[in-house]
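Structural overview
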Amino acid sequence: MLKLSRLVSLIASSLLLVSFSPVAGQAQVGKLYAQDAATQKTENRENVESPRIMFRQFLNVMKREDVEGAFAYMEFPKRWGNERKHRTTRQLFEVLNKRGRVDPADISIEPDGYQNDNQPPEIEIIGQVIVDGSSTPVKLVHVQEGESKVWRFSPDFIERIPDLAEKMEQSDMESRIPPVLVKYQLGGIKAWQWLFLVGTVLAAALISHILALVLIKTMNFGSRRFKIYLPDELLKGFLPSLRVLTGLGVIRLALDWVDLTLAVRQTIQNGIKIFFTFALIFLALRLIEASIAMTRMSFERQGRPGAAAMLPPAQKGLKTIVVVIGIIFLLRDLGLNVTAIVAGLGVGGLAIALAGQKTIENLFGGISVALDQPVRVGDFGRFGDLLGTVEDIGLRSTRIRTLDRTVVTIPNAEFSLMKLENFEKRDKLRWTSTLVLRADTSADQLRYLLVKMKEMLVGHPMVLNDPARVRFVKIVPYGFELEFFAYIRSTDWNECLAVIEDLNIRIVRLVEECGAGFGFQGAPLQLLRDDQLMRQRQAEAEEKLRQLENSGGLPMPFYPQEWIEPRTDVLGFGKVKKDLDNRSG
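Now for a quick tour of the structure. From a predicted model like this one, the values you see are computed outputs, not experimental measurements.

1. Comments concerning the sheet that holds strand S3 (residues 134-145)
Ordered by their spatial adjacency, four strands build an open sheet running S1-S2-S3-S4, and the pairing between neighbours is antiparallel. Of all the strands in the sheet, just strand S1 (100-102) and strand S4 (148-153) have a single pairing partner and so form its edges. Direction aside, neighbouring strands of the sheet carry axes that sit 30 degrees apart on average. Here three bridges tie S1 to strand S2 (residues 123-131), and the two strands are oriented antiparallel to one another. The partner of Arg-101 across the bridge, within S2, is Gln-128. Along the sheet, helix H4 (residues 51-63) contacts S1, S2, S3 and S4; its crossing angle with S4, the most-contacted strand, is approximately 55 degrees.

Structure, rendered in structure tokens:
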């Protein structure tokens with residue numbers, strides 16, 4: 001975390017290194033002009049006659065105070081004499097140097113200038129001259145010279161220069177400053193301007209410290225007001241960027257009160273824009289980190305660890321995009337033509353996208369699976385024609401552990417398109433079964449068995465009553481087919497198997513108690529009439545059925561609710577029956 005003293009030294013030393021030294025500011029501008037002159041011959045025709053190149057060439061002339069050379073860049077009004085032209089040109093140098101607000105990086109590089117600026121095609125506005133709080137546009141005009149067209153300062157702008165110079169002289173701050181502070185200068189900056197700039201840096205550091213703390217307090221209040229949890233370390237991470245942005249804003253406003261030369265002012269402003277861009281980049285990175293942290297906490301509260309696992313790569317991707325955009329803006333601030341760079345990035349991105357099409361498909365497939373969460377790590381289910389457990393969901397692929405203990409790796413692009421059946425999402429388990437009673441089972445014996453089996457299903461504590469169905473559905477060559485359908489009150493497969501086992505044992509016992517038997521295809525028919533015990537049980541079952549009929553207690557075929565309710569969950573099944581008894585008591 002930057003302290004106040006560190007912030008002051010950072011801003012002061014940075015500005016000193018960029019522009020305030022006796023050599024650095026002028027040397028950097030001179031180097032820029034020299035590069036323009038050296039590369040101007042090799043630039044294509046599109047750039048040579050552009051407004052930006054014209055203004056840079058004019059800056060070279062203005063730096064040398066070459067009045068005669070400046071005539072080539074000025075479209076004077078007609079009938080102006082040579083003396084008036086010289087006087088106005090010197091005044092133009094003075095006005096642009098002290099009150100001109102022109103940034104070469106914002107001037108068009110195209111030979112015809114900006115065509116969508118609500119100006120006539122032959123007019124280009126490249127900046128402003130600010131005198132006494134009023135703004136005058138710096139206007140260029142596109143004129144024909146020989147076989148080509150060139151850009152020059154427009155006649156109406158040149159006509160206003162004498163008035164602007166007179167107003168500027170009347171409002172000149174130096175008339176109210178001790179002469180000794182005006183006489184001495186260092187690096188093209190006068191002594192009073194040095195004092196003003198140093199005081200501005202100190203004031204910017206103090207103001208930025210106060211405003212940053214106010215913003216943090218406001219964010220804290222907002223987070224409590226809207227019940228958004230923000231860790232203190234996240235909030236403190238915003239402080240350095242907020243302080244730098246606020247300090248740079250104060251310095252930028254203060255520059256309008258100092259009559260620095262255009263070259264020095266542009267150098268300082270370029271430094272401010274570079275630091276401003278860096279601060280914005282770091283602020284954006286902190287915002288991404290805070291957003292990802294809040295999203296991660298939200299996913300963890302919702303029990304979505306798979307979605308939270310996708311956040312780190314998403315954070316890296318967003319940070320990369322921010323850094324790339326920041327670098328493009330930095331290059332633009334340095335006056336480079338970023339159009340070709342952006343076009344190159346577009347072509348390069350397209351080539352990478354085509355080459356890594358499958359990888360990108362798998363990446364988005366993994367993100368889709370993680371966010372939608374049809375399955376999670378550890379879920380058992382059917383995936384296409386595979387049956388197994390999800391072991392891992394990665395960015396590129398998903399791994400399934402099959403019942404044979406092998407591991408199948410499926411690309412995420414393919415996995416996201418599969419039919420996914422997640423067994424872990426079941427709230428209950430279905431049980432269906434069929435059995436065939438022997439063909440020598442009597443009708444009354446069959447009806448009694450159906451009632452007892454229905455009573456057994458309703459009374460079992462692990463079977464849901466709706467539906468708990470047993471029906472005589474079919475007559476087959478080797479007997480009578482019964483069908484069972486019910487839901488088990490469990491989502492654990494091992495527990496479900498135990499319940500099915502208990503149900504099957506109870507069914508076998510009921511069949512034996514009624515003196516019936518199971519039929520199956522291909523077995524010889526062995527009548528039970530010679531078995532004394534079986535005949536006795538069959539007679540007892542038939543007698544019990546007649547008693548139910550005579551008493552009106554036979555519930556078939558619809559089993560009314562008043563018959564079901566007293567028989568619900570009355571059977572014992574391990575701890576389940578004990579738990580039910582304890583709750584009922």
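Having seen the structure, we can now continue with the description.
2. A look at helix H6 (residues 82-99)
Between its terminal C-alpha atoms H6 stretches 25 Å, which fits the 26 Å expected from 18 residues at 1.5 Å a residue. Turning to H6, its buried residues number three or more, namely His-86, Thr-88, Thr-89, Leu-92, Phe-93, Val-95, Leu-96, Lys-98 and Arg-99.

3. A look at the packing of aromatic side chains
One pass over the structure, following the stated rule, counts 12 aromatic pairs. Summarising the aromatic geometry, the rings of Phe-76 and Trp-80 are spaced 6.1 Å apart at their centres and angled 35 degrees between planes, so their arrangement reads as tilted. Using a relative accessible area of 14% as the deciding quantity, one classes Phe-76 as buried. Given the relative accessible area of 11%, Trp-80 is considered buried.

4. A short note on the environment of Lys-454
If you trace the backbone, Lys-454 turns up in helix H18 (residues 443-459). Expressed as a C-alpha distance, the spacing of Lys-454 and Ile-564, which sit 110 residues apart in the sequence, is 9.3 Å. Those residues in contact with Lys-454 that lie beyond four places of it in its chain are Ala-468, Val-470, Tyr-559 and Trp-563. Engagement of the side chain of Lys-454 in a polar contact is seen with the backbone oxygen of Ala-468, the distance being 2.4 Å.

5. Considering the nonpolar core
Burial of nonpolar side chains together is a common tendency in soluble globular proteins. The biggest cluster of nonpolar side chains holds 38 residues, and the ones touching the most others in it are Trp-431 and Met-453. Here this core takes nine residues from H18, the largest share from any one element. For Met-453, the contacting residues outside a window of four places in its chain are Leu-435, Val-470, Leu-482, Phe-484, Ile-507, Leu-510 and Val-511. In terms of nonpolar packing, the next biggest core, distinct from the first, is built from 33 residues, Met-54, Leu-59, Met-62 and Ala-70 among them.

6. Some words on the pattern of salt bridges
Throughout the structure, instances matching the rule amount to 15 salt bridges. The partner of Arg-438 in a salt bridge is Asp-440, and the shortest N-O contact between them spans 3.5 Å. On the basis of relative accessibility, which here comes to 17%, the residue Asp-440 falls in the buried class. Through salt bridges with shared partners, a single ionic network connects Glu-75, Glu-145 and Arg-152.

7. Concerning the side chain of Arg-101
Inspection of the secondary structure assignment puts Arg-101 in strand S1. Within the structure, Arg-101 has its side chain in polar contact with the backbone oxygen of Arg-99 (distance 3.4 Å).

8. Considerations on the packing of helix H9 (residues 191-225) against helix H11 (residues 239-254)
It is the contact of H9 with H11, at a shortest axis distance of 7 Å, that shows an interaxial angle of 140 degrees. In terms of orientation, H9 and H11 fall into the oblique class. Considering only the axes of H9 and H11, their crossing is right-handed. Across from Phe-196, Thr-200, Val-201, Ala-204, Ile-207, Ser-208, His-209, Leu-211, Ala-212, Leu-213, Leu-215 and Ile-216 in H9, the residues of H11 making contact are Leu-239, Leu-242, Arg-243, Thr-246, Gly-247, Val-250, Ile-251 and Ala-254. Looking at side-chain class alone, the contact of H9 with H11 contains 14 nonpolar, five polar and one charged residues.

9. A closer look at the sheet that holds strand S13 (residues 463-476)
The antiparallel open sheet is built from three strands, whose spatial order is S12-S14-S13. Of all the strands in the sheet, the pair left with one neighbour each is strand S12 (429-437) and S13. Between one strand axis and the next, the sheet turns through 15 degrees on average, direction left out of account. Against the sheet, helix H19 (residues 493-513) makes contact with S12, S13 and strand S14 (479-488), and its axis sits at roughly 25 degrees relative to S12, the strand it touches most.

Thresholds, definitions, all that
Residues numbered from 1 in each chain as written. Predicted model: local features only at pLDDT ≥ 70, side-chain atom pairs only at ≥ 80, totals over all residues. Heavy atoms only, no water. Pairing = 2+ DSSP bridges. Helix = DSSP H or I, 4+ residues; strand = E, 2+ residues; numbered from the N terminus. Axes fitted to C-alpha atoms, helices over the stretch in contact; angles between N-to-C directions. Contact = heavy atoms within 4.5 Å. Expected span 1.5 Å × (residues − 1). Buried < 20%, exposed > 50% of the residue type's maximum accessible area, 1.4 Å probe, protein only. Phe/Tyr/Trp six-rings, centres within 6.5 Å; stacked < 30°, edge-to-face > 60°. Polar contact = N/O pair within 3.5 Å; in protein donor to acceptor, adjacent residues only side chain to side chain. Core = buried A, V, L, I, M, F, W, Y, C linked by side-chain atoms within 4.5 Å. Salt bridge = Lys/Arg side-chain N within 4 Å of Asp/Glu carboxyl O. Parallel < 35°, antiparallel > 145°, perpendicular 65-115°, else oblique. Left-handed = near helix turned anticlockwise from the far one by under 90°. Nonpolar A, V, L, I, M, F, W, Y, C, P; charged D, E, K, R; others polar.

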